[in-house]
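As a plain string of letters, each chain reads:
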Amino acid sequence: MTSAPPARQDVGFDLDARTELEHFLDFHRATVHHKLAGLADDDAWRRFVPSLTTAAGVVKHLTCVEQYWFRTVLAGTSGPPLPWTHDPDADMARGDGETVESLLAGYAAECDRSREVAAGLALTDRSVLARHGEHPTLRWVLMHMVEETSRHNGHLDIVRELTDGAVGE
């Protein structure tokens, strides 16, 4: 069983652009934890669709995406090798000893590292590494991560409902 999910803060209506983007992203990051709260390890790895999409796999994927965009692209630093380097499905596959608790802890730690990278940049600062020949700004990466995380929360909504009927949150 997982520990209590982090509190989600409503996003205010009159914030500067950076704070608004960061708050929306943090809201969706916390929602990932809420979607897996109370889910047993075996249930988190259950597949309901032909792809490898599972609740646990989505968390593992989002952890890799955080690392890629913030540490690798924005900061130009390395972290653990990204699993999709050798296998495009590896970020959705179950690794030895992986539990819901360990995956959520890893996700939370990677989100903390992402916040640290972002804190040292202005919204208009460009990434160290190019992506498709362009150097995205921090603003672009934050917006992309809001989209990416909220899209995968939709997947988690469906997978969780199919797993045990839980809806909402």
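Check the entry above for the structure.
In this text the structure is predicted, and so the values were computed from the model without any measurement.

### What about the packing of helix α1 (residues 17-36) against helix α5 (residues 138-164)?
So, point 1. As a packed pair, α1 and α5 sit with axes 9 Å apart at the nearest point and diverge in direction by 25°. One element, α1, and the other, α5, form an angle in the roughly parallel class. Here α1 runs over α5; the crossing is left-handed. In this structure, α1 contributes A17, R18, L21, E22, F24, L25, H28, R29, T31, V32, K35 and L36 to the contact, and α5 contributes L138, R139, L142, M143, M145, V146, T149, S150, N153, L156, D157 and R160.
So, point 2. When its residues are assigned to classes, the contact of α1 with α5 shows twelve nonpolar, five polar and seven charged.

### What to know about unusual backbone geometry
So, point 1. A positive phi angle, close to 55°, is found at H132, a residue other than glycine.
So, point 2. Mapped onto the elements of the fold, H132 is located in the loop between α4 (100-119) and α5.

### Some words on helix α3 (residues 55-74)
So, point 1. The end-to-end C-alpha distance of α3, which contains 20 residues, comes to 27 Å, matching closely the 28 Å that a straight helix rising 1.5 Å per residue would cover.
So, point 2. At Y68, α3 shows its largest kink, close to 30°.
So, point 3. Among the 20 residues of α3, 20 are classified as buried, and the element is accordingly described as predominantly covered.

### Examining the pattern of salt bridges
So, point 1. Summed over the entire model, instances satisfying the criterion amount to 14 salt bridges.
So, point 2. Put simply, D26 and R29 hold a salt bridge, and the shortest N to O gap is 2.9 Å. With a gap of three residues between them, D26 and R29 both fall in helix α1, about one helical turn apart.
So, point 3. Judged by its relative accessible area of 27%, D26 is partly exposed.
So, point 4. E147 is the salt-bridge partner of R151, the closest N and O atoms lying 3.2 Å from each other. You can see R151 and its partner E147 sitting in helix α5, four residues apart, about one turn around the helix.
So, point 5. Each of D26, R29, E66, D112 and R115 takes part in salt bridges that share partners, so that together they form one network.

### Examining the packing of α1 against α3
So, point 1. Look at α1 against α3: their axes get within 10 Å of each other, and the N-to-C directions meet at 155°. One finds that α1 runs roughly antiparallel with respect to α3. For the pair α1 and α3, the crossing hand works out as left-handed. Mapping the contact onto sequence places L25, R29, V32 and L36 in α1 and A55, A56, V59, L62, E66 and F70 in α3.
So, point 2. Residue composition of the contact of α1 with α3, grouped by class: eight nonpolar, no polar and two charged.

### Overview of α1
So, point 1. Its 20 residues give α1 an end-to-end C-alpha distance of 30 Å, which sits within 8% of 28 Å, the value for a rise of 1.5 Å per residue.
So, point 2. Within α1, the full set of buried residues consists of R18, L21, L25, H28, R29, A30, T31, V32, H33, H34, K35 and L36.
So, point 3. Summarising the contacts, the buried residues of α1 are in contact with α3, α4 and α5.
So, point 4. For α1, the side-chain oxygen to backbone nitrogen distance between the N-cap and R18 is 3.2 Å, and the N-cap itself is D16.
So, point 5. Backbone geometry just downstream of α1 places G38 in the positive-phi region, at approximately 80°.

Each value, and the rule that gives it
Residues numbered from 1 in each chain as written. Predicted model: local features only at pLDDT ≥ 70, side-chain atom pairs only at ≥ 80, totals over all residues. Heavy atoms only, no water. Axes fitted to C-alpha atoms, helices over the stretch in contact; angles between N-to-C directions. Helix = DSSP H or I, 4+ residues; strand = E, 2+ residues; numbered from the N terminus. Parallel < 35°, antiparallel > 145°, perpendicular 65-115°, else oblique. Left-handed = near helix turned anticlockwise from the far one by under 90°. Contact = heavy atoms within 4.5 Å. Nonpolar A, V, L, I, M, F, W, Y, C, P; charged D, E, K, R; others polar. Expected span 1.5 Å × (residues − 1). Bend = angle between axes of the 7 residues up to and from the residue. Buried < 20%, exposed > 50% of the residue type's maximum accessible area, 1.4 Å probe, protein only. Salt bridge = Lys/Arg side-chain N within 4 Å of Asp/Glu carboxyl O. Polar contact = N/O pair within 3.5 Å; in protein donor to acceptor, adjacent residues only side chain to side chain.

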